[in-house]
Amino acid sequence: MSEPATKSLAEKHSFSLSILITTFFLILPGFLEAVSEGLENFQTNNPFTTFLIWFNLWWVSQVFVFSKPLGGFFRKEKLPKRIIKSFASLKLTVFLLAVSLILVFVGTLAQTGAGIWEVVDTYFRCAFSRVDVSIFVPGEPGEKLARLHFFFPGGFVIGGCLLVNLLSAHSLKFRINAQGARRIAGYIVTALGLFLIYYIVKQGIEKEDIPSAYVDSYKRVLYRLLSGLGSTSVLLVGCWLLFKKRAGIVILHFGIILLLVAELVTAFYATEGTMTIAEGDSVSYVDISRDFELAISEPDLPGKSEKSITISKNYLTDYVGEWQTLEGVPFQFRVVQWFPNADVKGRSTNDETFNALGKEYKLAPVKESTGVEEARVSLPGMIAEFKSLDGSKDLGKYILSHRMYIEKNPAFSQDITIDGKVKKLMLRNRRDYLYSMGATQPVEVKLIDFRHDTYLGTSVAKNFSSLINLEDKEKEIDRKVLISMNNPLRYTGRTFYQQSFAPDESGTVLQVVHNPGWMIPYLCCVIVGVGMLFQFLLTLIKFSRRQA
Amino acid sequence: MKKYIAVIISLIIFLGYALSKARAPQDNESGKAYKFLTEINGSEPATVPNAYKFAELPLVYGGRLKPYDTLARNSLRVMADSEDIYYKISDDKKIKIPPAIWLLDTISENERAKKYQFFRIYNLELIDKLGLPNRKSDNYKYAPEEIYGEHEIDHAHGDGHSHKTTRRQFIMEEARSAGDVDVKKRNVYQTSVLSLAKKINLYEHLTVSHVTQEVPDDMAVLSYNRLSQFIGSNSPRPIPTANGEWESVIFMNVRKFGGEESSASWKAMKDMLGAWQKDDFGAFNEYLENFIKVSNENIDKTKEFLDEKEKSINEREANIEKELEGLTGKELYEKKESILTWVFNSRSYLSSQRDLWGSALNKMSFERFFNHMAPFYLSMVFYVMLFIIGCFGLLFWRPHFWRAAIVGFAITVLVHTFAVWCRYYISGYPPVTNLYSSAVFIGWGVAIVGIVLELMFKRFFGVLVSAIAGYICLFISVNLSGDGDTMGTMVAVLDTKFWLATHVITITLGYTATFLAGGIGFVWVFAKLFKGVSKQFDKELNRAMYGVICYGMFLSFVGTVLGGLWADDSWGRFWGWDPKENGALMIVLWNAVILHAMWAGIIKTKGLAALSMFGNIVTAWSWFGVNLLSVGLHSYGFTSSGAFWLGLFALIHLALIVLCALPLKCWGEYAEENPELKKKEA
């Protein structure tokens, strides 16, 4: 095939050109910033950086719109169509897929130096990621490059662009070419398929699915996949009526979009937490990971839905140094200092300005934990002062550490006297009580027995399991459930997994996840799989016919 | 008739070689054991020992039942990096012996045991410091008598003073200080001293766990303390007791300190090892028979007990209605749940006991046969042969060599398939459970698709790519098997046959496809470089790559999502951005890049070849590279020498990809445009 001679040089090499320009402008700001601010002391939150990021965004959008940059622009089509066409470009798809590949690679490398959640937040679940050059150079030479970085499109930008690209491509190239009855039937069947998918996802959120100990795990997964296969078949028939041979591609792209939606739902709505239960104890709440609260509670109600006053994390971290009065809180408080990650250490001489443990202990700041270190979670701590509401009475100055809460050591318990009543003071994980939908009493989970089996003659774990009692007074449910590795419990819209156990095997740690979109990936797996099979088999048939 | 000559020759060579290996040697033949003892004593032994029967005795070690034969081979693999063990009769004569005889000599403390050379040392500095001879011709392998010899070393410490130590003590002291150094900062000397210490520990573990000498009563406490680390749970346990336990020899030996009578099976074992120590083979055979008899009695007793247990579980489950009769409301619920929980607990106890007392016991001689046949090694040899046949075929006698190759290829695929099946049959798990088995399985997957491609296109590239990829994969697997048992136990979260059979298989086949596509990319580059490509061949390669990439795209996508579903079902997180997950996603994305670039018309066959070759790098990264980062859930063991090979692999590919970036004009013409090439092609 010979290219038409009229094409200009820029048009010929438009693809490479757009990549080059984008890359250049992505890398430039990082260097500019490093140079202008000096390698030693610069901050990301300055106006200059913000400007550069927006400048970047503009440039990227320019390049994307003109992905056939100069050539496409001068053709004689109308502007809206021209824009949609350039958005729909397959070259753009290739470019975006390649960029996302790089992002995934970079995000993987970054995990050697930073905690997994930090990476997820700064590389994948963001508009732009700031890539440190040091992650490409392991060891000491890398540390010298610590300040050098460049900007790169983050997950949201790439995902968004891919979505736009995909939708415009379908709006242009995937015309419904059925007529009359076929077209109407196609609409009806497709709508039915979509409704079935919606229904299955909704069921996943609403249906309480308490496993019984005697159900094999694969049956439940197969059931989900098969229900997906049912709805997908309907969808495929509908799309086949409408799009004929292109039905496979249509539903496979639909599945991909759904998968991106599922990841978005997870990013914004899913919570993860743990339940630590000792044998014989009952717990009715989940400790939400990576979220904290200051709690002032009555001392004698451990674990129950006690009457406690809680102050959520943003009041503690956002107003450091200010006296605060909150509604429903019977005192004033001031956070003197907040430590994102701190260890509790003994003081060499007692400090009498503090109350309770603060006299003997102090907080030592620790670098925020990274994925490679042993302690994977950051343990925040703070120094706080309290006084009565009218400000007349000083209630004392305390050190509070999340570590004190985690270790559950009675020696680390601190009291505060408010209006003559002694209360307990804790910096703990945000608590999420286990309410069923519309219930007034939380569900109680009691650990009856924890089992940890190993293979004979080894210390390799064969199985972990927790036998629990689930009590939901509202629904009059009171029964035993066995949670084991690969066999979770689904209840109250949450899923309870066997995660870990107390060092002496006297208690269990359950991971509790609440994710309204959990069912979507099961469907996507089937939808995309069926779409690909349909498409590839069509190609194969075509190929073998041509051979024969 | 002339047509079939090549087929027949190929059939005879491949099938003959495979069948010659297909039977393990037996005791009653004047096989190796017999020959060895004759050589060593200078005369024929009065009775031939039933050493192979011993090799099939079952034991529990590393969490599974395996024969002594496997224990011997795995231990040798760790200590000598090879299952071959030689006895040196004189300086210029050494004889290869069955691993089981080496193990018997070692655990019975026979005089011969000291002379086998199997402690492999990697570092010349260490050999020098130990005052050992530089034994290059024997791969730097040393005998116990050398390690435990009287030789004294001046052990100089950093602080200036020194003291005299034996070699063993020196090694242990050096290993202790090397162990304090951070893993990433250890030098070659420190790494090799640690590995030697590990080998010595294993050797001592084998010998001490089989100690049968009577411990005098007044020394009881002292001996117990000294031996307690070997009495602990992780010794080989060859003795089935009457009360349904597998126990180690040393445990049975010291049990009498607790006042317990020693049992019949222990006595038989003791006598058996004693007889071997004295080279009294007649008595050995007798005691061996006795041991087998007593063991079988105990095994039968335990099986009976388990059968009864199962019956009672089934009965209780079947009669659940009867038990619940008359109960209502909460009581009914409570009772029903408690019965079901009991049933579940009993079943899981039963199934783990069944693994140790059930059908696995009947697979001992099969496992010895598998060890002897070594079908993976056989396949490796076959892949080399196929490569040679393929190369010849490209040069001359094309149709004859093609027929020979396709017959050999079919037999190779059968042998490789049989090998994968054997592992499944012995371990009871789906074929891919760890890095070792993934390597083995990827080789198999390439061969399967390769033979299909060969039958479709008949151009030799299926044979050549499969031969090279199959060989490389099996070679990698050999290097991954250094840790001993390749059929080790599965940690709790992996112990699910459903996910192993779905997610792991699809994802591994996905790797297979991308490697194969990359391999065809190589074929295009080399064909174009050295031979010239006709437009027809160009088109065929294009189609083959396109088809394989579609196949790979489907498998990697489904496999990756299934992995996410496993994660969702096991710990509630569909996607955790874990390095291994990211690696899998990268393969999917790269396949998508290739397919969309094709559809967009950005690439033709040359570009397709280049991108497919880059797919190899992406896949290798996902398979091995992420393990180098040592973060995340999937980072199971991998050594730093792997980093070097991975880097080299990537560099070679990148070089070829850069070559592909040259415009097509630089690559010469298609055959049609050059009459000379066209003649050649025809």
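Because the structure is a prediction, the values reported are computed rather than measured. (Residues numbered from 1 in each chain as written. Chains lettered and ligands numbered in written order. Predicted model: local features only at pLDDT ≥ 70, side-chain atom pairs only at ≥ 80, totals over all residues.)

Moving on to the overall build of chain B. Counting secondary structure elements, chain B contains 26 helices and ten strands. Burial analysis of chain B (682 residues in total) assigns 45% to the buried set. Restricting the contact set of chain B to residue pairs at least 6 apart, pairs at least 24 apart contribute 70%. (Helix = DSSP H or I, 4+ residues; strand = E, 2+ residues; numbered from the N terminus. Buried ≥ 20, exposed ≤ 12 C-beta atoms within 10 Å, placed from the backbone. Contact = placed C-beta atoms within 7 Å.)

When helices and strands are tallied, chain A shows 15 helices and 20 strands. Scored against the burial criterion, the 548 residues of chain A give a buried share of 34%. Long-range pairs, those at least 24 residues apart, make up 62% of the contacts in chain A with a sequence separation of at least 6.

All names here are of chain A. The sheet built from four strands is open, its strands ordered 7-8-11-12 with antiparallel pairing. Strand pairing shows two members of the sheet lacking a second neighbour, strand 7 (323–325) and strand 12 (394–401), which therefore form its edges. The average angle at which neighbouring strand axes cross in this sheet is 25°, direction not considered. (Pairing = 2+ DSSP bridges. Axes fitted to C-alpha atoms, helices over the stretch in contact; angles between N-to-C directions.)

Moving on to the nonpolar core. Membership of the largest hydrophobic core comes to 189 residues, with the highest contact counts inside it found for Ile251(A), Leu516(B), Ile520(B), Val548(B) and Leu589(B). Broken down by element, the residue count for this core peaks at 20 residues, all from helix 22 (residues 535–571) of chain B. Those residues in contact with Leu516(B), other than ones at most four positions away along the chain, are Val446(B), Val449(B), Gly450(B), Val465(B), Ala469(B) and Val548(B). Core analysis: the next-biggest nonpolar cluster, separate from the first, contains 63 residues, Tyr116(B), Leu196(B), Met269(B) and Phe284(B) among them. (Core = buried A, V, L, I, M, F, W, Y, C linked by C-beta atoms within 7 Å.)

What follows covers helix 19 (residues 435–457) of chain B. Residues and elements named next belong to chain B. For helix 19, spanning 23 residues, the distance from its first C-alpha to its last is 32 Å, which sits close to the expected 33 Å at 1.5 Å a residue. Across the 23 residues of helix 19, 17 count as buried, placing the element largely inside the fold. Of the residues one or two after helix 19, lysine 458 is the one with positive phi, at around 50°. (Expected span 1.5 Å × (residues − 1).)

Turning our eyes to something else, we now look at the interface of chain B and chain A. At the interface, 62 residues of chain B touch 64 residues of chain A. Sorting the residues of the side of chain B that touches chain A by element identifies strand 1 (58–61), helix 15 (329–357), helix 22 and helix 23 (579–599) of chain B as the ones contributing at least two each.

Taking strand neighbours across the sheet as the criterion, the four strands line up as 4-15-16-17 (chain A) in an open arrangement whose pairing is antiparallel. At either margin of the open sheet sits one strand with a lone partner, and together these are strand 4 (282–283) and strand 17 (477–484) of chain A. Pairing of strand 15 (residues 444–454) of chain A with strand 16 (residues 461–472) of chain A, which is carried by ten bridges, proceeds in the antiparallel orientation. The partner of Arg451(A) across the bridge, within strand 16 of chain A, is Ser465(A). Across the sheet, helix 15 of chain B is in contact with strand 15, strand 16 and strand 17 of chain A; its angle to strand 17 of chain A comes to roughly 10°.

On to the pairing of strand 2 (residues 64–67) of chain B. All names here are of chain B. Here strand 2 shows no split at all, with Arg64 and Lys66 on one side and Leu65 and Pro67 on the other all buried. In this sheet, strand 2 lies alongside strand 1 in antiparallel orientation, the contact comprising four bridges. Counterpart to valine 60 in the pairing with strand 2 is leucine 65. Between strand 1 and strand 2, which follow one another and run antiparallel, lie two residues, and glycine 62 among them has a positive phi close to 60°.

In this section: the packing of helix 4 (residues 68–80) of chain B against helix 5 (residues 99–107) of chain B. Residue and element names in this part refer to chain B. Close contact between helix 4 and helix 5 brings their axes to 8 Å; oriented N to C, the two are set at 85°. The orientation of helix 4 with respect to helix 5, classified from their angle, is roughly perpendicular. For the pair helix 4 and helix 5, the contacting residues are Tyr68, Asp69, Leu71, Ala72, Arg73 and Leu76 in the first and Pro99, Ala100, Trp102 and Leu103 in the second. Split into classes, the residues belonging to the contact of helix 4 with helix 5 amount to eight nonpolar, no polar and two charged. (Parallel < 35°, antiparallel > 145°, perpendicular 65-115°, else oblique. Nonpolar A, V, L, I, M, F, W, Y, C, P; charged D, E, K, R; others polar.)

Residues and elements named next belong to chain B. Looking at the assigned domains, one finds that chain B contains domain 1 (1–21 + 374–489), domain 2 (114–209), domain 3 (321–356) and domain 4 (503–682). Across the contact, 19 residues belong to domain 1 and 17 residues belong to domain 4. Residue classes in the side of domain 1 that touches domain 4 are distributed as 14 nonpolar, four polar and one charged. (Domains from an automatic or database assignment.)

Counting through the fold element by element, Leu654(B) comes out in helix 25 (residues 641–660). Residue classification places Leu654(B) among the partly exposed positions, given that 13 C-beta atoms sit within 10 Å.

Now for the confidence of the model for chain A. Detailed reading of the predicted coordinates is not advisable wherever pLDDT falls low. All names here are of chain A. Chain-level pLDDT for chain A is 77 on average; 77% of the residues reach the 70-or-more range. By mean pLDDT, helix 4 (residues 69–73) is the weakest element of chain A at 45, and helix 12 (residues 247–269) is the strongest at 90. Overall, residues 65–74 carries pLDDT values under 50, and its contacts beyond four positions in sequence, including any with other chains, amount to 28 contacts. Long-range and interchain partners of residues 370–375, a stretch whose pLDDT sits below 50, account for twelve contacts in this model, where long-range means more than four residues apart. (pLDDT = per-residue confidence, 0-100.)

Attention now goes to helix 9 (residues 188–208) of chain B. With 21 residues, helix 9 of chain B ought to run about 30 Å at 1.5 Å a step, and its terminal C-alpha atoms sit 30 Å apart, in line with that. Residues of helix 9 of chain B that are buried sit in contact with helix 4, strand 5 (119–120), helix 6 (124–129), helix 7 (144–147) and helix 8 (167–179) of chain B.

Another point: the confidence of the model for chain B. All names here are of chain B. On average, residues of chain B score 83 in pLDDT, and 89% of them are at 70 or above. Per-element confidence in chain B is highest for helix 23, whose mean pLDDT is 93, and lowest for helix 26 (residues 675–681), whose mean pLDDT is 51. Confidence drops under a pLDDT of 50 for residues 632–638, and excluding neighbours within four residues, the segment shows 17 contacts in the predicted structure.

Our focus in this paragraph is the pairing of strand 13 (residues 414–418) of chain A. Consecutive residues of a regular strand have side chains that alternate between opposite faces of the sheet. All names here are of chain A. Bridging between strand 13 and strand 14 (residues 421–433) involves five bridges; their strand directions are antiparallel. By the bridge assignment, isoleucine 416 is partnered in strand 14 with lysine 423. The turn linking strand 13 back onto strand 14 is made up of two residues, and aspartate 419 within it adopts a positive phi angle of 50°.

What follows deals with the environment of Cys473(B). All names here are of chain B. Residue placement: cysteine 473 occurs in helix 20 (residues 461–480). Spatially, the C-alpha atoms of cysteine 473 and alanine 439 are 5.2 Å apart, while their sequence positions differ by 34 residues. Apart from residues no more than four positions distant in its own chain, cysteine 473 is found in contact with Ala439, Val440, Ile442 and Gly443.

On to unusual backbone geometry. All names here are of chain B. We note that glutamate 109 has phi near 60°; this positive angle belongs to a residue other than glycine. Relative to the helices and strands, glutamate 109 is located in the loop between helix 5 and strand 5. The backbone of tryptophan 577 shows a phi angle near 55°, a positive value even though the residue is not glycine. Here tryptophan 577 is to be found in the loop between helix 22 and helix 23.

A few words on the packing of helix 19 of chain B against helix 21 (residues 497–530) of chain B. All names here are of chain B. In contact at an axis separation of 9 Å, helix 19 and helix 21 are set at 55° when each is read in the N-to-C sense. Taken together, helix 19 and helix 21 sit at an angle that is classed as oblique. Crossing of helix 19 over helix 21 shows right-handed handedness. Here Ser438, Phe441, Ile442, Gly445, Val446, Val449 and Gly450 of helix 19 lie close against helix 21, whose contacting residues are Thr508, Leu509, Tyr511, Thr512, Ala513, Phe515 and Leu516. Of the residues that constitute the contact of helix 19 with helix 21, the class distribution is nine nonpolar, five polar and no charged. (Left-handed = near helix turned anticlockwise from the far one by under 90°.)

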